[in-house]
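Fold and contact review
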Amino acid sequence: MFKIYKAFFYLRTGEFMARKKSTDALLKFTDSVGIEQASSVKQQISDSLKANKVTIVDFSELQDIDSSIIQLLLSAKQEADLLKKDFFVQNIPDNIKNLMQAMSVVLPSKKDEG
């Protein structure tokens with residue numbers, strides 16, 4: 001599933017804990033994320049973009065992702081641009097990099113921290 005750190009949120013398999021902090025948000029995907037979680041992922045990313053100056057999606061614990069989530073990430077980048085906010089991805093595993101390359105998807109990346 002995914003974890004969301006709103007500097008820092010934590011969401012994993014339906015659990016949600018929030019702790020407010022700075023103007024940056026780290027959304028951390030874990031396990032596998034697919035179409036079943038798309039609605040929730042979209043809402044959390046959108047909320048993060050509206051509430052924070054910087055949103056970073058971390059893939060360091062992600063095992064698998066499907067194309068619906070990659071499409072959501074592209075949409076999130078467009079939303080961030082419209083809101084004049086920063087949106088980045090980081091720690092992308094090779095198998096997901098390969099999928100993104102096959103889809104000709106390029107997202108701004110933050111220096112990997114994992």
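A few points on the structure. (Residues numbered from 1 in each chain as written. Predicted model: local features only at pLDDT ≥ 70, side-chain atom pairs only at ≥ 80, totals over all residues. Heavy atoms only, no water.)

Notes on the environment of Thr23
Here Thr23 lies in the loop between β3 (15-18) and β4 (24-33). On the accessibility criterion, Thr23 (42% relative accessible area) is partly exposed. Taking C-alpha positions, Thr23 is 8.8 Å from Thr55, a pair spaced 32 residues apart along the chain. Beyond its immediate sequence surroundings of up to four residues, Thr23 is in contact with Asn52, Lys53 and Val54. (Helix = DSSP H or I, 4+ residues; strand = E, 2+ residues; numbered from the N terminus. Buried < 20%, exposed > 50% of the residue type's maximum accessible area, 1.4 Å probe, protein only. Contact = heavy atoms within 4.5 Å.)

Considerations on the pairing of β4
For β4, the tally of buried residues reaches seven of 10 residues, placing the bulk of the element in the interior. In this structure, β4 lies alongside strand β5 (residues 54-65), joined through nine bridges in parallel fashion. Residue pairing for β5: Asp31 is matched across the bridge by Leu62. Running through helix α1 (residues 38-51), the crossover from β4 to the neighbouring parallel element β5 is right-handed. (Pairing = 2+ DSSP bridges. Right-handed = clockwise from strand over helix to strand, strands pointing away.)

Considering the nonpolar core
What tends to happen in soluble globular proteins is that the nonpolar side chains get buried as a cluster. Ranked by internal contacts, the top residues of the largest apolar core, which has 25 residues, are Phe29, Ile45, Val57, Phe59, Ile69 and Phe87. No other element matches helix α2 (residues 67-83), which puts six residues into this core. Among residues more than four places away in sequence, those in contact with Phe87 are Ile45, Leu49, Thr55, Val57, Leu73, Ala76, Lys77, Ala80 and Pro108. (Core = buried A, V, L, I, M, F, W, Y, C linked by side-chain atoms within 4.5 Å.)

Considerations on the packing of aromatic side chains
Taken as a whole and assessed by the stated rule, the structure comprises one aromatic pair. Here the aromatic rings of Phe29 and Phe59 are separated by 5.5 Å at their centres, their planes lie at 80 degrees, and the arrangement is edge-to-face. Of this pair, Phe29 sits in strand β4 while Phe59 sits in strand β5, placing them 30 residues apart in sequence. Like Phe29, the residue Phe59 is buried in the burial classification. Above the face of the Phe88 ring, Lys110 is positioned so that its terminal group lies 4.8 Å from the ring centre. (Phe/Tyr/Trp six-rings, centres within 6.5 Å; stacked < 30°, edge-to-face > 60°. Lys NZ or Arg CZ within 6 Å of the ring centre and 35° of its normal.)

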